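Summary of structural features
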Amino acid sequence: MKPKLYLKENGQFKVDNVDKISYLYFPLTNYYSLKSSISPNLNGDAKIDQNSFALVPTSSEDIQNSFYNRNIYFRINDEYTWSITGNTPYQMLNKDEVSLEADFLVHKIIRSNDHFSCEIESLVPFNDSYQELHKVVFKNKTDQPLIIKPVISFPLYSRSADNLRDHRHVTSLLNRARIYKNGILNSPTFSFDERGHNLNKRNYGLFISEDYQIKNYWPILEEFIGEGNNILDPIVVKEDLNNEYKINESIEGFEITSGMELEKVKLIKNQAFTIVLSMIIDDDIEKIKNYTKSLSIKTFNTLKQDTLRAWEKELEPLSFKFKDSTLNGWLKWVTLQPILRRIYGCSFMPHHDYGRGGRGWRDLWQDLLALILMNPESVRKQLLNNYKGVRIDGSNATIIGEKPGEFLADRNNIARVWMDHGSWPLLTTMLYIDKSGDYEILLEEQNYFYDKFTHYTKKKNNEHVKKDNLLRDKNNQIYKGTILEHILVQNLLPIYNLGIHSNIRIEDADWNDAFDMAHNSGESVAFTSLYASNLIEIAKILRKLYENGIENISILKEIYEILIANDYKTISNKHINRDLFLNSVEAGCSGLKVSKNVQEIANLLEDKGKTLLMHIRHNEWLEGKEYSWFNGYYDDNSQPLDDVSKENMTLTGQVFAIFSGAATDDQIEKIIRSADKYLYNKDVGGYILNTNFKELKLNMGRAFGFAYGHKENGAMFSHMAVMYANSLYKRGFAHAGYKVLNSIYEHCINIDKSKIYPGIPEYINPKGRGMYHYLTGSASWYILTEVTEVFGIKGDFGSVVIEPKLLKRQFDDSGLAKIITLINGKLTNISFINKNNLDFGEYKIARVYDDELEVDYIETKFGVKLLSDIKSDNLNIILEKK
Ligand code: G1P
């Protein structure tokens, strides 16, 4: 029996024969933020942070092969042991039918056989508690009565993930379990983790509703399992044993489980046994008692409804109505993903078994893209806070604290420069300004991060570092500069840091974290393009500021000096300028600001940006006989990575050339042809990251140590593939862009191949499996591309711009395609009406109605800019033949 996915337009889905796919997992979480993952066999873990895991930390391999699952066993008619995990010797021979039903964010597994069915519905309630709730309904399907003995056992790991290998046994000696009426709570004495030995405050427990009597409590895991047995077939379930453990009794040491054996229950035909469980973590035992004493079927059902409603509300600010209703449902899960990454960071899902919960700099900014679309009011503060992480040399702090705006000095002394970091904040900030019109944010002042690393982290200098890690001026006063100044320094400094081919040095890596071994001579042509177009964008912003009455801006004298240094055309002179600047801010900055005309600065930036783009257009273009594309990188031996004659091609090299405008339309057409030839693979969801270089390339990075076709070495890496789509759309190549997005969607939705639940994974492996599901920056870029490129709902300093690039096939049979999104803070239904069934390229916007009222506009390259604010919450856009 093959697995089969049924996905509804509202996102609810069902998978029949879900147990036929391995490594599946689903997120259960809330904003408070308990972070759980759950698989069809009820594996997965639950934690608050790295040091507070209630269940044993679970990596992807453990999903299938570890048996520390959340477990409820049933002894059936005293004949055999059956479990909701499917992992008993009996079930290995007598398979149940297993299906999954999922909603936002509720997970339900239904197991059934000829005799009975058992459902387990799981959720993390959307409230201020760290609780997993589960409702179990076991039903007799036969005419014969069934006698069942239910036994619950969630092994309570109750400690830091570090202790999985580091003192697993010694940390079990810290355990202090206590038996409560209908519950077992473990409150370890200490927490052993990277911070040392601390008194532990956390309590980890499992409680069950009081509908049924507990016959025996079994808090010690090894007693529960029985000598010589294992967790698949524990003795306590198999045999009717008794013990002496009483309510209020404490148990010291040993691995703890929440073993609770219920009195036997007789179920007549169609009768069901229902029980509700709460697995809970909290520092406050009273809070735990309060939550668990009200545990009942009724409270479960109420909390489930609240949770469904709450997540529905979270996702409300964005929905799509394409002709393909399955796509609309799939996009709901993609829309949820950036929210999940804000909660989980880049850790804490089974594939994401690294890191300690934080997110990197790049991710911080890209997750905000989605937030700008979904919840723009909260963004201003976050943007301002994030700029606090920028150093005065344009690099940034790499350790991001837990509190907003908290950036920490590197503990390990291994500072690195990811040369792309400085390029992302502008993109995010521009989206925010275009959508909101809040250009004043650029003139707000913010601190700079200052730690011992100077000169792009190449030098260390502890002398002037203060505890607050803030930059000071020569008078020891904390220095603040405008957000615009932060953006300037981030984008300006890199263009003085060039390699011998006149592209920006790759330093310790760029977007591709695994291109990390070319620090001496490597160059990223790809990100040189992005920095160059960023300079041109900043010039545009400055001219807009001028239109809005701002004639002068004030910037730090040192930054102005490097900007006007007119000897930037040779590389060695650029390095002289770079070093002069870095020396001048090494011990803090002067604090002196100069007020300069915005037009003057705009001209200087535009000139620098254009020069670089022209350089890439002409010097990095690899013209072949049949196929041609851009070189994206130089390795540590200063050799180009892309090579037409060797048929070596990188996707990243193409994406940013297109995105930035370095590529001409003619070049883009050639790139599309070449990418279709060398990078397109339908079996893995479309465009892969690179061709097979067939060498270890120690002069480029660890990526080439990965097996080919995996992760950063030639997988369909969603983030870059989606950015390829975005770039193509941006430049008006909508059919090619559609192909990229659609290939990913069609692959993912084919559960037989992708082996993941709806949503976009970080990458697709060579066997077609979706890997590192849920926590990926590609989700933000996917929905951003749908909103701002496919539907073309953009902004221009607060004015509404509409530039649809919808294809004919995306409209329904009546010629309608629709998006519901926020415009100036108001949820707006935007309908595109294409009565004549025209394709992109054939139609233009003929009229725009604000409800019934026709709106004035001016034409733009791909659509229109509205001349007034939208009054109603309905916008109708009529498309007619060009
Ligand atoms: C991950 C990282 C991202 C990095 C990328 C490539 O991608 O989070 O910062 O640029 O790998 O190395 P993601 O999982 O977000 O798609």
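Everything numeric in this text was worked out from a predicted model, so none of it was measured.

Considering the packing of aromatic side chains
Inspection of the entire model under this criterion finds 51 aromatic pairs. Plain terms: the ring middles of Phe-116 and Phe-138 are 4.6 Å apart, the flat faces sit at 25° to each other, and that makes the pair stacked. Separated by 22 residues along the polypeptide, Phe-116 in strand β10 (residues 116-123) and Phe-138 in strand β11 (residues 130-140) bring together distant segments of the chain. You can call Phe-116 buried: its relative accessible area is 0%.

Notes on the pairing of strand β40 (residues 761-764)
Taken together, the 2 bridges between strand β39 (residues 716-717) and β40 define a ladder with antiparallel strand orientation. Across the sheet, Met-716 pairs through a bridge with Ile-764, a residue of β40. Both β40 and strand β41 (residues 770-773) contribute to a ladder of 3 bridges, which runs antiparallel. From the neighbouring strand, Ile-764 faces β41, where its bridge partner is Gly-770. Between the end of β40 and the start of β41, which pair antiparallel, lie 5 residues, with Gly-768 showing a positive phi angle near 95°.

Things to note about the site of the ligand
Surrounding the ligand, one finds 13 residues, the nearest of these being Asp-363, Trp-511, Glu-712, Glu-762 and Gly-777. Residue Glu-712 places a side-chain N or O atom 2.5 Å away from an oxygen atom belonging to the ligand. One of the backbone N or O atoms of Gly-777 is found 2.7 Å from an oxygen atom in the ligand. Taken by itself the ligand offers 370 Å² of open surface, and the protein chains cover 94% of this. Partitioned by chemical class, the residues of the shell around the ligand number 3 nonpolar, 4 polar and 6 charged.

Description of the environment of Leu-816
In this structure, Leu-816 sits in strand β44 (residues 816-823). Given the relative accessible area of 28%, Leu-816 is considered partly exposed. Sequence separation of Leu-816 and Phe-832 is 16 residues, and the distance between their C-alpha atoms is 5.7 Å. Once residues lying within four places of it in the same chain are set aside, the contact partners of Leu-816 are Phe-811, Ser-831, Phe-832 and Ile-833.

Describing the nonpolar core
In terms of nonpolar packing, the biggest core is built from 265 residues, with Phe-74, Phe-138, Trp-330, Tyr-724 and Phe-832 touching the most fellow members. At 13 residues, helix α13 (residues 525-547) tops the list of elements feeding residues into this core. Not counting the four nearest positions on each side in its chain, Tyr-724 is found in contact with Leu-651, Val-655, Ile-658, Ile-671, Ile-672, Ala-675, Tyr-687 and Val-740. In terms of nonpolar packing, the next biggest core, distinct from the first, is built from 12 residues, Leu-123, Val-276, Ile-288 and Leu-308 among them.

Let's talk about the sheet that holds strand β5 (residues 46-47)
In a beta sheet, neighbouring strands pair by backbone hydrogen bonds and run either parallel or antiparallel. The 3 strands lie next to each other as β3-β4-β5, forming an open sheet whose pairing is antiparallel. In this open sheet, the two edge strands, each paired with only one partner strand, are β3 (26-29) and β5. Sheet topology note: the β3/strand β4 (residues 35-38) ladder contains 4 bridges and is antiparallel. Bridge pairing links Leu-28 to Ser-36 in β4.

Describing the sheet that holds β40
Taken together, the 3 strands give an open sheet; going across it, the order is β39-β40-β41, and neighbouring strands pair in antiparallel fashion. Of all the strands in the sheet, the pair left with one neighbour each is β39 and β41.

About the thresholds
- Residues numbered from 1 in each chain as written.
- Predicted model: local features only at pLDDT ≥ 70, side-chain atom pairs only at ≥ 80, totals over all residues.
- Heavy atoms only, no water.
- Phe/Tyr/Trp six-rings, centres within 6.5 Å; stacked < 30°, edge-to-face > 60°.
- Helix = DSSP H or I, 4+ residues; strand = E, 2+ residues; numbered from the N terminus.
- Buried < 20%, exposed > 50% of the residue type's maximum accessible area, 1.4 Å probe, protein only.
- Pairing = 2+ DSSP bridges.
- Near = heavy atom within 4 Å.
- Polar contact = N/O pair within 3.5 Å; in protein donor to acceptor, adjacent residues only side chain to side chain.
- Areas by Shrake-Rupley, 256 points an atom, 1.4 Å probe, with all protein chains shown as cover.
- Nonpolar A, V, L, I, M, F, W, Y, C, P; charged D, E, K, R; others polar.
- Contact = heavy atoms within 4.5 Å.
- Core = buried A, V, L, I, M, F, W, Y, C linked by side-chain atoms within 4.5 Å.

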